[in-house]
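# Topology and contacts: notes
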Amino acid sequence: MFEIRILRRYEITNKLKSSIYVASFITGILIFALIEVIYGANPYDVMSKLFVKPLTSYADLQITIRYAVPIGIMALGLTLTYKSGIYSIGSEGQMAVGAIFAAWTAYAFNYIEPPTSIVIALLAGALGGLLWALVPGILKGLLNVNEVLTTLMFNFIAYSLTDYLIYGPWRSPRAYGFPLTEPIPKSYVILPTDGIPVINISTFILSVFLMYAIIKKSVFGYQVRAYGSNPTAAKSAGISFLKVALLCLAISGAFAGLAGALQLTSVHNRLGPKSWSVTEGLGYTAIVSAWLARLEPWFVLPSAILLGALINGGLTIKAVLGQPEGVVNIMNGVILLSIIAADFFINYRFVIKVRE
Amino acid sequence: MKPQLILALVVVAIVAGGIGYSAGSLAAPPPKTVTQTVTTTVGGATVTLTTTVTQPPRTVTTTVTAPPTTVTVTKPPEKIKVAFVYVGPIGDYGWTHAHDVGRRYIESQFKDRVETYYVESVEEPKVYDVLKKLVNEGYKVIFTTSFGFMDGTLQAAKEFPNVIFFHCSGYERWSNLGTYFADLYQLYYLNGLMAGALTKSGKVGYVAAHPIPEVVRHIDAFALGVKEVNPKAKVHVVWIHAWYDPAKARAAAESLIAQGVDVLAFTEDSPAVIEVAQEYYKRGTPVYAFAHYSPMLKFGPDVVVSGQLVRWESIYVDIISKIITGVYNTTNLRNVDYWWLLSENAVELGGDFGVPINPKFITPLKNFKVKEKISGTEISVYDLVMMRLKQMSEPRPSFDPFCAVNEPIISQDGKVLVRPGECLGHEALWSIMSFVDNVVGSIPAGSS
């Protein structure tokens, strides 16, 4: 007789941990392949189009990157707030306001030439996101208002602000009455260099380093981690909660605003209604990315790329394989769930005993 | 060590299963060339991949027994791969469904020359990525059917100069990007004539989607129709700020009825308004309604008077045949803009195809007499509708609701919108953003 015991694991090597992640990811892909087989598709064909093509075809890889960059940048900001125990879900709105600020800069200073103009637009975007996040920050720090509610509500206010602008003062006179702003001036459009979106990728990588430095190397990062692990102890050690709440939300807002400015300058080039807009709901995807990365700045790179690849794969399923939306949801669900299930294997181990 | 082992076992088991299954299904097809022809035909035929996997062995045998040379000689190189990108599911009850009817029609009309494919529920900001994938799959003609696809389609058109793009409802064109639209304003005007005759309270309701020119134009045309037969009646507008939201449309219709409205028209992609009218009718309060976009007569057989129907297929047939004959190519679409109406047979009056007016309402409409505004003779509203329908269906229409005949068309704020003897042309109608004077309600935010 066999006896299987599940025991708690107290120590785990990094090597084992990462191999469990990889194995669970592969398992997720295999389960999805199995579902495709049941669905009646050729699993080789599906898998090669979903997971091999993006690596071999540059045009396909670009699509993954286009989603991975904004998701990743916002996830980095969220990493910091989540580490402090503040659960912001406001990236979506902060991103929208970042795009609004960047657009305003582009319309107001249309005479500025490229390198400077883009830096200014990105900084303006970051400032916009920062200011938008500051209000929930103040409410949290001073009055201990639940940040989940305030940040979520601020997303809707940001949508409405965009609506006000596109239906009102910023409505393009040349859009035949449609609710669109004018395209931003050419000098503010980020074009890929030789087909590679250099600015977007380097902004993302720089953000990773920056967030790593903030969390792991700065005193503030230490205070944030202290609050996250034991707020009472952190408070009695004299760490100001107001400062932690304000700065965490402000920094994460700035990252989200930066992502919004990047989306505006490199992808959409103008503001439109919610369903066509620059945010595309990526602010919510970033939350998933931050948690998949276990709130580690370095891990945000693979997690954001994974989520970008899933969005890309979803489009492939519909546009190339001709399968319905439901299959897209199954793919997302199966793969993400498998990765989350890795936690179980990290925290527990199996012991198989043979009984006589 | 142990968990790694187990994981490895699980992985191996699943891999083995997958390989075993697919090896079984893949082993069958014989020579490579034959499999390829099969996959292309099936892949393009808009069916899910189910057929591709289960059928190859069988189809292959049939193709082999039939003389393969004749097949390859007559068709393959000339079939044009046509793709449609939809914003909603093809099962919606309006916009996307109507386009898909058009797609299926050209698929059947040009069986030997085109193969069609569609991608449904594409989020608007992601359209450029979808187009990139479609071009990569070899699609040569791509239709994008939502206004929000405009920027992405333009970007794709610039990037892929060898592909023909057509965008529905936008205004951006390029050498390989044309635009097309079938507009319903004439039908809304005809519906307005009937609404004006049928209202007892003098209050007609309109449930409107978004405050954009298309919807404003339809409300105005409807209101002009109402005014022509019933100068005192008012059109009350409620905005729901959504193209598809049955719950909001229902609430809007109910609030209008509560204000005393007894005839309803709408722009929204569900039959919710008609369902509300049918419920009120059943309860003994007669409220009538006009169908929008799709044949919705069956949702309210007692209350649907007429409606607006679209025939995208007439535009699609025209575009595809011009592409096949070489009239349209990737260099000459910059000025190709379809604005098709009744005279091109792109739209049809009625709550169902072939039923311009619900027979139930023919007698009351025949009994309602008005003075025809051009000749001044007395005429029944039924005859008036039929006369206007005929006038607007002529190759060169002899009537248009936005032409002011003896009196000017006045806007809500008292300004003259159209002077007598003048008409609003395509440009003006395309960007119209003011209500005519018998509309109650306003166009929200920032619009002048």
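Source: prediction; values computed, not measured.

## Brief notes about the domain arrangement of chain A
All names here are of chain A. Segmentation of chain A into domains returns domain 1 (1–41 + 323–356) and domain 2 (57–319). The distance between the C-alpha centroids of domain 1 and domain 2 comes to 31 Å. Taken together, the contact between domain 1 and domain 2 spans 15 residues of the former and 10 residues of the latter. For the pairing of domain 1 and domain 2, the buried interface totals around 1000 Å² over both sides, and the portion due to carbon and sulfur atoms is 71%. Counting across the interface, domain 1 meets domain 2 through 2 salt bridges. Here Asp343 ties to Arg294 by a salt bridge, and the two come within 2.6 Å at their closest N and O atoms. Our enumeration of links across domain 1 and domain 2 arrives at 4 residue pairs in polar contact (both at pLDDT 80 or more). Where the side of domain 1 that touches domain 2 is concerned, the elements lending two or more residues are helix 1 (14–39) and helix 13 (325–347). The dominant element in the side of domain 1 that touches domain 2, judged by the number of residues it contributes, is helix 13, at 10 residues. For the side of domain 1 that touches domain 2, the class distribution of residues is 11 nonpolar, 2 polar and 2 charged.

## A few points about the domain arrangement of chain B
Much of the literature gives interface size as the accessible area that the parts lose upon coming together. All names here are of chain B. Domains assigned within chain B are domain 1 (76–182 + 313–342) and domain 2 (185–310 + 356–440). Centre-to-centre, using C-alpha coordinates, domain 1 lies 31 Å away from domain 2. Listed per partner, the contact involves 14 residues of domain 1 and 21 residues of domain 2. With both chains or domains summed, domain 1 and domain 2 bury close to 1500 Å², and 68% of this area falls on carbon and sulfur atoms. Seen at the junction of domain 1 and domain 2, the total is 0 salt bridges. Linking domain 1 with domain 2 are 1 residue pair in polar contact (both at pLDDT 80 or more), by the criterion used here. Among the elements of the structure, helix 6 (95–109), strand 5 (177–182) and strand 11 (337–340) are those that each provide at least two residues to the side of domain 1 that touches domain 2. Ranked by the residues each element gives to the side of domain 1 that touches domain 2, the list is headed by helix 6, at 3 residues. Of the residues in the side of domain 1 that touches domain 2, the class split is 9 nonpolar, 4 polar and 1 charged.

## What about the sheet that holds strand 3 (residues 141–144) of chain B?
Residues and elements named next belong to chain B. The 6 strands lie next to each other as 2-1-3-4-5-11, forming an open sheet whose pairing is parallel. Looking along the sheet, the strands with just one partner apiece sit at the ends: strand 2 (114–119) and strand 11. Put simply, the sheet's adjacent strands are angled 20° from each other on average, direction ignored.

## Things to note about the environment of Ala290(A)
All names here are of chain A. Inspection of the secondary structure assignment puts Ala290 in helix 11 (residues 282–292). The spacing of Ala290 and Thr79 is 211 residues in sequence and 5.6 Å in space, taken between C-alpha atoms. Setting aside residues up to four positions removed in sequence, Ala290 forms contacts with Ala75, Leu78, Thr79, Tyr82 and Leu295.

## Description of the nonpolar core
The biggest cluster of nonpolar side chains holds 124 residues, and the ones touching the most others in it are Phe143(B), Phe166(B), Tyr180(B), Leu190(B), Phe222(B) and Trp312(B). It is helix 9 (residues 185–198) of chain B that provides the largest number of residues to this core, a total of 10 residues. With residues up to four places along the chain from it excluded, the contact list for Leu190(B) reads Leu342(B), Leu349(B), Val385(B), Arg388(B), Leu389(B) and Met392(B). Core analysis: the next-biggest nonpolar cluster, separate from the first, contains 113 residues, Phe220(A), Ala234(A), Leu336(A) and Leu177(B) among them.

## Structural notes on the packing of aromatic side chains
Per the stated rule, a full pass over the model turns up 47 aromatic pairs over all chains. Taking 5.5 Å as the distance between ring centres and 80° as the angle between the ring planes, the aromatic pair formed by Tyr107(A) and Trp170(A) counts as edge-to-face. Pair noted here: Tyr107(A) is in helix 4 (residues 91–108) and Trp170(A) is in the loop between helix 6 (147–167) and helix 7 (198–217), with a separation of 63 residues, a long-range link. Overall, the relative accessible area of 24% leaves Tyr107(A) in the partly exposed class. Measuring from centroid to centroid gives 4.9 Å for Tyr288(B) and Phe361(B), while their planes differ by 80°, and the two rings are edge-to-face. Here Tyr288(B), found in strand 9 (residues 288–293), pairs with Phe361(B), found in the loop between strand 12 (347–349) and helix 14 (362–367); they are 73 residues apart in sequence, far enough to count as distant. Here Tyr288(B) matches Phe361(B) in class, with each residue buried. We note Lys235(A) situated over the ring of Phe241(A); from NZ or CZ to the ring centre the distance is 5.6 Å. Between the NZ or CZ atom of Arg283(B) and the centre of the ring of Tyr280(B), over which it lies, the distance is 4.7 Å.

Parameters at a glance
- Residues numbered from 1 in each chain as written.
- Chains lettered and ligands numbered in written order.
- Predicted model: local features only at pLDDT ≥ 70, side-chain atom pairs only at ≥ 80, totals over all residues.
- Heavy atoms only, no water.
- Domains from an automatic or database assignment.
- Contact = heavy atoms within 4.5 Å.
- Buried area = accessible area lost by both parts, 1.4 Å probe.
- Salt bridge = Lys/Arg side-chain N within 4 Å of Asp/Glu carboxyl O.
- Polar contact = N/O pair within 3.5 Å; in protein donor to acceptor, adjacent residues only side chain to side chain.
- Helix = DSSP H or I, 4+ residues; strand = E, 2+ residues; numbered from the N terminus.
- Nonpolar A, V, L, I, M, F, W, Y, C, P; charged D, E, K, R; others polar.
- Pairing = 2+ DSSP bridges.
- Axes fitted to C-alpha atoms, helices over the stretch in contact; angles between N-to-C directions.
- Core = buried A, V, L, I, M, F, W, Y, C linked by side-chain atoms within 4.5 Å.
- Buried < 20%, exposed > 50% of the residue type's maximum accessible area, 1.4 Å probe, protein only.
- Phe/Tyr/Trp six-rings, centres within 6.5 Å; stacked < 30°, edge-to-face > 60°.
- Lys NZ or Arg CZ within 6 Å of the ring centre and 35° of its normal.

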